[in-house]
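Each chain is listed here by its residues.
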Amino acid sequence: MQNQLKRHILLVCKARHERAAQLGEEIRAWLEERGHKAHLVEAGLDSSLYTDALDFVVVLGGDGTMLGVARRLVGSDVPVLGINFGRVGFLTDAQPENWREKLAECLDGHEPVRSCMALSWSLVRDGEEIQGGAAVNDVVVSRGSLSRLVCLDIWVDGQRMGSLRSDGIILCTPVGSSGYSVSAGGPLLYPAMDAIGFTPVCPFLNTISPMVFPGSTDIELQILRGSTDCYLTVDGQEGHKLKKDDLVRISGLPAAVRFMGEGTCFFERLRSRGFVLQGSVGNCTGEML
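In this convention, every chain numbers its residues from 1, walking through the sequence in written order. Note on the predicted model: pLDDT of at least 70 is required for a residue's local features to be given, and 80 or more for side-chain atom pairs to be given and counted; whole-chain, interface and lining totals, by contrast, use all residues. Water and hydrogen atoms play no part in the side-chain values, which are based on all heavy atoms of the structure.

In this scheme, strands are said to pair when DSSP sees at least two bridges between them. For helices the rule is a DSSP run of H or I covering at least 4 residues; for strands it is a run of E covering at least 2, with both sets numbered from the N terminus onward. In spatial order, the strands read β12-β11-β10-β7-β14-β15; together these six strands make up an open sheet with antiparallel pairing. Pairing within the sheet leaves two strands with one partner each, and these edge strands are β12 (211-214) and β15 (238-241). Across this sheet, the average inter-strand angle for adjacent strands is 20°, counted without regard to direction. Note that strand β7 (residues 138-143) and strand β10 (residues 168-172) share five bridges and pair antiparallel. When the sheet's bridge partners are listed, V141 is paired in β10 with I169. To obtain an axis, a line is fitted to C-alpha atoms, over the contacting stretch when the element is a helix, and the angle between two such axes runs from 0 to 180 degrees between their N-to-C directions.

Structural data, given as structure tokens:
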């Protein structure tokens, strides 16, 4: 039966990906035939369409495309559904072959929505905020092309933690903890947690260990003398060159990103990414695989 409630949907296709673009056109036509309003754009283009008037966004791409779109939707209450055209699809919930079923559930309002935290960041130079935004996965301060240490002073909720000399530091959300952070020896966080992962990258003399802070924590990093050619990177997609005495401020944004779908079991997703879980391997219902 055709749903009488008309929806406004934005379709975002992976950049320069022919198959994703073709399916996007097919989905747009399918939605419009049913009386819904649908726009189709390539990732990175036409940011004016990202508005609170949307009922939801469908992303046809991999985790990188999902991150770029989700970052634009932080705090908007607009949920996003991912159709996987990437290699792993850790953030996506649907496959190209079952898009009709998934979209029908979304249009009927039967698809669950799960909320995840994000990070707010700002870059302060000479007392003035010159850049700022949100991160869904992580905020990284790291060295550039030269093998020089990054020197930082670290403050947590107004209290000085200490100084750190390292290749960099990673501050991540629970969703982002399974990426760069865990590869650098950081903690693996359950996605539903409200927490910030803190992972120094190759710290000199292991001066500060990886830690986990409450999601409400305010963290400030100051670039000290001796740091050369260092950068701030957001979700591995947005970069800013840093200078001595720059301040990078990071805090948690609870329930800031909304993903449609129940999502594959967390441990199943870990196995799909090559994480080795000790002991017997079972699926999410308890059956042995």
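Here, a salt bridge means any Lys or Arg side-chain nitrogen found within 4 Å of an Asp or Glu carboxyl oxygen. Summed over the entire model, instances satisfying the criterion amount to 14 salt bridges. Residue D246 pairs with R125 through a salt bridge whose shortest N-O separation is 2.7 Å. With D246 in the loop between β15 and β16 (247-260) and R125 in strand β5 (residues 113-125), the pair connects residues that are 121 residues apart, well separated along the chain. Here D246 and R125 have matching classes, each one buried. D153 serves as the salt-bridge partner of R160, at 3.0 Å between the closest nitrogen and oxygen. Residues participating in the shared-partner salt-bridge network are E25, R28 and E32. Throughout, exposure labels follow a simple rule: accessible area from a 1.4 Å probe, protein chains only, divided by the maximum for the residue type, with under 20% read as buried, over 50% as exposed, and the rest as partly exposed.

What follows is about the side chain of S122. Its location among the elements puts S122 in strand β5. What makes two residues a contact is simply this: any of their non-hydrogen atoms within 4.5 Å. Setting aside residues no more than four positions away along its own chain, S122 makes contact with E129, Q131, G132, L247, V248 and R249.

This part covers the nonpolar core. Only buried Ala, Val, Leu, Ile, Met, Phe, Trp, Tyr and Cys residues count toward a nonpolar core, and they belong to the same one when joined by side-chain atoms within 4.5 Å. If you look at the biggest cluster of nonpolar residues, it comprises 27 residues, and the most contacted ones within it are V141, I154 and L221. In this view, V141 contacts V150, L152, D167, G168, I169, L221, I223, Y231, L232, L242 and V248; residues no more than four positions away in its chain are not counted. Judged by nonpolar contacts, the second largest core, of 25 residues, contains V12, L67, V69 and V175.

Turning our eyes to something else, we now look at helix α1 (residues 18-33). Spanning 16 residues, α1 covers 23 Å between terminal C-alpha atoms, matching the ideal 22 Å at 1.5 Å per step. A20, L23, G24, I27, W30 and L31 are the residues of α1 that are buried. Axial view of α1: buried residues confined to an arc of 130°, hence all on one face. The exposed residues of α1 that point more than 90 degrees off its buried face are E18 and E33. Structurally, α1 contributes buried residues whose contacts are with β1 (8-13), β2 (37-42), β3 (56-61), β4 (80-84) and α3 (99-108). By definition here, a helix of n residues has an expected span of 1.5 Å times n minus one. Note: the arc covers the axis-to-C-beta directions of the helix.

To continue, consider α3. Of all the positions in α3, only W99, K102, L103, C106 and L107 are classed as buried. When α3 is viewed along its axis, its buried side chains cluster within an angular range of 135° and face the same direction. Packing partners of the buried residues in α3 comprise β1, α1, β3, β4 and β16. Count one or two residues on from α3 and you reach G109, which has phi positive near 80°.

This part takes up the confidence of the model for the protein chain. Of the residues in the protein chain, 89% have a pLDDT of 70 or more, and the chain-wide mean is 88. As a per-residue quantity, pLDDT reports the predictor's confidence and falls between 0 and 100. Counting contacts from residues 280-289, a segment whose pLDDT is below 50, to residues more than four positions away or on other chains yields 15 contacts.

Quick look at the pairing of β15 now. Relative to β15, strand β14 (residues 230-234) is paired through four bridges, and the arrangement is antiparallel. Paired with T233 across the two strands is G239, which belongs to β15. Hairpin connection of β14 to β15: three residues between the antiparallel strands, including D235 at a positive phi of 55°.

Further remarks concern the packing of aromatic side chains. Only centres within 6.5 Å qualify two rings of Phe, Tyr or Trp (six-membered ring in Trp) as a pair; their planes then separate them into stacked at under 30 degrees, edge-to-face at over 60, and tilted for everything else. Taken as a whole, this structure holds two aromatic pairs when the rule is applied. For the pair W30 and W99, a centre-to-centre distance of 5.3 Å together with 85° between the ring planes defines the contact as edge-to-face. Here the residue W30 occupies a position in helix α1, and W99 occupies one in helix α3, the gap between them amounting to 69 residues. We classify W99 as buried; its relative accessible area is 3%. For the ring pair F198 and F213, a centre distance of 5.6 Å and an interplane angle of 90° mean the geometry is edge-to-face. Residue F198 is found in strand β11 (residues 195-201), and its partner F213 is found in strand β12; the two are separated by 15 residues along the sequence. Like F213, F198 is buried. In our convention, an over-ring charge means Lys NZ or Arg CZ found within 6 Å of a ring centre and within 35 degrees of that ring's normal. Sitting over the face of the ring of F204, R165 holds its NZ or CZ atom 4.9 Å from the ring centroid.

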